[in-house]
Amino acid sequence: MPATTADRAQPDTTAYLICAAAWLVPGVGHIWLGRRQKGIIFLVSLTLMFVFGLWLEGALFPFQLAEPLVALGALADLGVGLPYIIARAVGAGAGRVVAITYEYGNTFLIVAGLLNMLVVLDAFDIAKGRK
Amino acid sequence: MVIFALFVSVVFATLMRDEPREQLTFAGRLFAGFIGAGVVIGWLLYPLPL
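Since the model is a prediction, treat every value here as computed from it, not as a measurement.

Calculation rules
- Residues numbered from 1 in each chain as written.
- Chains lettered and ligands numbered in written order.
- Predicted model: local features only at pLDDT ≥ 70, side-chain atom pairs only at ≥ 80, totals over all residues.
- Heavy atoms only, no water.
- Axes fitted to C-alpha atoms, helices over the stretch in contact; angles between N-to-C directions.
- Helix = DSSP H or I, 4+ residues; strand = E, 2+ residues; numbered from the N terminus.
- Parallel < 35°, antiparallel > 145°, perpendicular 65-115°, else oblique.
- Left-handed = near helix turned anticlockwise from the far one by under 90°.
- Contact = heavy atoms within 4.5 Å.
- Core = buried A, V, L, I, M, F, W, Y, C linked by side-chain atoms within 4.5 Å.
- Buried < 20%, exposed > 50% of the residue type's maximum accessible area, 1.4 Å probe, protein only.
- Salt bridge = Lys/Arg side-chain N within 4 Å of Asp/Glu carboxyl O.
- Expected span 1.5 Å × (residues − 1).
- Arc of directions from axis to C-beta.

Help me understand the packing of helix α1 (residues 12-24) of chain A against helix α6 (residues 102-127) of chain A, please; the structure alone is not making it clear to me.
Relative placement of two packed helices is described by the angle separating their axes and the distance separating the axes. Residues and elements named next belong to chain A. At a minimum axis distance of 9 Å, the contact between α1 and α6 shows a crossing angle of 155 degrees. Considering their axes alone, α1 and α6 lie roughly antiparallel with respect to each other. Handedness of the crossing formed by α1 with α6: right-handed. Between α1 and α6, the contacting residues are A15, Y16, I18, C19, A22 and W23 on the first element and N116, V120, A123, F124 and A127 on the second.

Please explain the nonpolar core as it appears in this structure.
Side chains that are nonpolar tend, in soluble globular proteins, to be buried together. Residue and element names in this part refer to chain A. M49, F50 and L115 are the most contacted members of the largest nonpolar core, which totals 19 residues. Sort the elements by how many residues they give to this core and α6 lands first, with six residues. The contacts of F50, once residues within four sequence positions are left out, are L60, V80, P83, Y84, A87, L109 and A112. Listed in part, the 10 residues of the second largest apolar core include I18, A22, V120 and F124.

Can you help me understand the pattern of salt bridges in this one?
Side-chain pairing between opposite charges can occur once the charged atoms of the two side chains come close. Scanning the model with the defined rule gives four salt bridges over all chains in all. Of the charged contacts in the structure, one is a salt bridge between B:D18 and A:K38, with a shortest N-O distance of 3.0 Å. Remark: A:K38 occurs in helix α3 (residues 36-55) and B:D18 occurs in the loop between α1 (2-16) and α2 (20-45); the pair is interchain, linking two chains. Assessed through its relative accessible area of 35%, B:D18 is described here as partly exposed.

Teacher, can you tell me more about α3(A) here?
Given 3.6 residues per helical turn, the α-helix brings residues three or four places apart onto the same face. With 20 residues, α3(A) extends 28 Å from end C-alpha to end C-alpha; this agrees with the ideal 28 Å at 1.5 Å per step. All of the buried residues along α3(A) are A:K38, A:G39, A:F42, A:S45, A:L46, A:M49, A:F50 and A:G53. When α3(A) is viewed along its axis, its buried side chains cluster within an angular range of 150 degrees and face the same direction. Among the exposed residues of α3(A), those pointing more than 90 degrees away from its buried face are A:R36 and A:W55. Those residues of α3(A) hidden inside the fold are in contact with α2 (28-32), α5 (82-89) and α6 of chain A together with α1 and α2 of chain B. A:E57 sits one or two positions beyond α3(A) and adopts a positive phi of about 65 degrees.

Written as structure tokens, this is what we have:
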């Protein structure tokens, strides 16, 4: 693999900035660190996964602390970053409980967010020179 | 299930392997594992009442 920005450890501030960027736009942290191929794969696959979830009529859960499982679902949804914010802004992700694909859609949305959290942690490790 | 398995396999393989060839092999094995496990678990649940 060619030498990249990631080959030397980044200062803490830069590492956290990379994490924030990686959370906001899936894959951008890796692209920033010179792992372009990985970054593009994350960007395309996680965004597509989120879009599939919306297309399958899944719901973006609200932050209801009274219902812990719903709140955890909301946290997982939020993990995907900008696509979540855009979907919320345009009113997508209301979910249709009676749709046969509803639970599949929820699974796609939640897993897209959780996978992006893993991608953010991986970007952090690379930025700190651990990988 | 197939589309879900495809996405998850691709992301995991990209996270866990560095070389494109290794990523492809690992993604293929993960994908086959997901589909195989899905079919086996599906058949195991088949006799259970709803």
